[in-house]
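This is what each chain is made of:
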Amino acid sequence: MAYEATGRLHEIFDEQQVSEKFRKREFVLEVVDGQYPEHIKFQLVQDKTALIDSYKVGDEVKISFNLRGRGFNKNGQMLYFTNLEAWRIEAGTGGAAAPQGGGNFQQSAPRAAAPAANQNPNLRASAAPIASDDDNDLPF
C-alpha cells in the first residue's frame, strides 16, 4: 500500500547496519494534525538510506511510503511489528509555517487498475460514517 505524508523533518538518525545484509536509517516527521503535532517515525532501507542526505532538520518534505507489517515468533509467542517504509522524499512547499488543517496523510492511487464494478452484491461501500465521535466511548 502506498501512502503520502507532508510535514517538517523533526529528527534524522544515523544509518544502522542491522545485519550483514540489512541496513536502515530512521527519521521523524512532524505532522500538524489538529491542535497538537504528531511525531511519526519512518525508516529508509537498503539503497534508499541516502535519500534523506540532501535534507536537514526543519525542512518541509513530502514522503511517499509503504505500510509494512511482519510477524516474529519469539519463544513460542507471536510478536508483530509495523513499519512505515519511505521510498521517496520530495521538497515540500517551502513555507515557514507548518501545514494547517492536517498533515496531508493520503493513500495514493492504486498501482493496478481496480475492477470497474463490485462483483459481490453483498458487499457495498457506504459513505455514512460507522459512528460519530459522540457515539463512541473510546478515551481518545
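Because the structure is a prediction, the values reported are computed rather than measured.

About the cut-offs
Residues numbered from 1 in each chain as written. Predicted model: local features only at pLDDT ≥ 70, side-chain atom pairs only at ≥ 80, totals over all residues. Heavy atoms only, no water. Buried < 20%, exposed > 50% of the residue type's maximum accessible area, 1.4 Å probe, protein only. Helix = DSSP H or I, 4+ residues; strand = E, 2+ residues; numbered from the N terminus. Pairing = 2+ DSSP bridges. Core = buried A, V, L, I, M, F, W, Y, C linked by side-chain atoms within 4.5 Å. Salt bridge = Lys/Arg side-chain N within 4 Å of Asp/Glu carboxyl O.

Some points on the pairing of strand E1 (residues 2–12)
- Counting buried positions along E1 gives eight out of 11 residues, so the element sits mostly inside the fold.
- By the bridge criterion, four bridges tie E1 to strand E3 (residues 23–33) in an arrangement that is antiparallel. Bridged to Ile12 within E3 is Phe27.

Side note on the nonpolar core
- One finds Phe27, Leu29, Phe42, Ile63, Phe65 and Ile89 to be the most contacted residues of the largest nonpolar core, which totals 17 residues.
- Looking at this core, the elements that each hand over two or more residues are E1, E3, strand E4 (36–45), strand E5 (60–74) and strand E6 (77–91).

Comments concerning the pattern of salt bridges
- A complete count under the given rule lists eight salt bridges for this structure.
- The salt bridge involving Arg25 is made with Asp53; its shortest N-O contact spans 2.5 Å. Placement of Arg25 in strand E3 and of Asp53 in the loop between E4 and E5 is noted, with a sequence separation of 28 residues between them.
- By relative accessible area, which is 52% here, Asp53 ends up exposed.
- Between Glu90 and Arg88 there is a salt bridge, and its shortest N-O distance comes to 3.2 Å.
- The exposure class assigned to Glu90 is partly exposed, which follows from its relative accessible area of 27%.
- Salt bridges linked by common partners bring Lys24, Glu26 and Lys41 together as one network.

Spatial relationships are all this shows, so hold off on functional conclusions.
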